[in-house]
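# Analysis of the macromolecular model
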Amino acid sequence: MSGVINTSSHPKALWPGVKAWWGQTYDEHETEYTSLFDSDSSNKNYEEDVQLSGFGLAPRKSEGAGVSYDSEIQGFTTRYTHVAYALGYIVTKEEMDDNLYLEISKKRAAALAMSFRQTKENVGANVYNRAFNSTYKGGDGVELCSTSHVNITGGTYANKPTVDADLSEASLEDAIISIMGYTNDRGLLINVMPKSLIIARNEWFNANRILKTTLQPGNNNNDINVLKATNALPGGIVMNHYLTSAHAWFLRTNVQNGMKYYERKSIEFTQDNDFDTDNAKAKAYERYSFGWTDPRAIYGVNGPDRKS
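Summary of the structure given here. Just so you know, these numbers come straight off a predicted model, no measurement behind them. (Residues numbered from 1 in each chain as written. Predicted model: local features only at pLDDT ≥ 70, side-chain atom pairs only at ≥ 80, totals over all residues. Heavy atoms only, no water.)

Attention shifts here to the sheet that holds strand 10 (residues 259-273). The strand order across the open sheet formed by four strands is 1-10-11-4, and the pairing between neighbours is mixed. Two strands lie at the open edges of the sheet, namely strand 1 (38-41) and strand 4 (83-91), each paired on one side alone. The average undirected angle you get between the axes of adjacent strands in this sheet is 25°. Note that strand 4 and strand 11 (residues 280-292) share nine bridges and pair antiparallel. For V83, the partnering residue across the bridge sits in strand 11 and is Y288. (Pairing = 2+ DSSP bridges. Helix = DSSP H or I, 4+ residues; strand = E, 2+ residues; numbered from the N terminus. Axes fitted to C-alpha atoms, helices over the stretch in contact; angles between N-to-C directions.)

Here it is in structure tokens:
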């Protein structure tokens, strides 16, 4: 919808007797994107993260031989270009004079703020929604979750399974084992552990059955639930309402410089009146960017589409 709010936009507001106005605002979910990304600020047009390799294993030195020397290599560059978002509304002088219901005008600013909050949640969640889409590439030229992330010193690595699987105790264990085997660009083992399980609402009950039982879920054995007993996911279950794939799931790890949100300009609300028409104008503006630098910060599984 577009245009100007005038007396014909809601003619019932021009006459007394309306018991309640509804639909303009609703209760919202708590802020969710902060569980998917690390937040930072920016004072430039864009931010760049540049990869730098470490050194390889130390070779054996023979008696009397010289020391071998290694070098470091600059790798991939990830650029975060901040995007501006703006939205406003215009109300005619006549509508403001004739509208008998003050609650309508009071809620307009709240409705505008809700639009901006939901926009940010959707933009952030889309980084995950597009995690398996090769159209959206990162600094190394492949999508966020891939079996062919590139090492600048040679070879590839994966942050997703070769064959996707439904969320289950077994698939979670396999994913965690893969994460614990992560290496750096030179093939040296690094201390990477999962922090949290990120799911859509469709997997909420399934995830809780898997992680919160005392005994092993889904069988009659008396074995302990090792995922719970070892506190394998200290950050617990993170449900995000803006994920569009019902059964894709992600493990966020402790890798730094991974999933990032940059705030270039925090949201600001302004208002003014047009001299010629006396129309009232209100608008909001903010600028930010979402993305990822090191894919090791996430492990994703594109769960098969099945009946919810």
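That covers the picture; the talk isn't over yet.
Strand order in the open sheet made by the four strands is 8-7-9-12, with mixed pairing throughout. Every interior strand has two partners, whereas the edge strands, strand 8 (237-239) and strand 12 (298-301), have only one. Looking at each pair of strands side by side, their axes are set apart by 25° on average, direction ignored. Of the strand pairs in this sheet, strand 7 (residues 194-199) and strand 8 are connected by three bridges, and their pairing is parallel. Paired with I198 across the bridge in strand 8 is V238. Taken strand by strand, helix 3 (residues 169-180) contacts strand 7, strand 9 (249-253) and strand 12, and its axis lies near 35° from that of strand 9. Along the sheet, helix 4 (residues 204-212) makes contact with strand 7 and strand 8, crossing strand 8 at roughly 175°. (Contact = heavy atoms within 4.5 Å.)

This is a description of form; function is not addressed.
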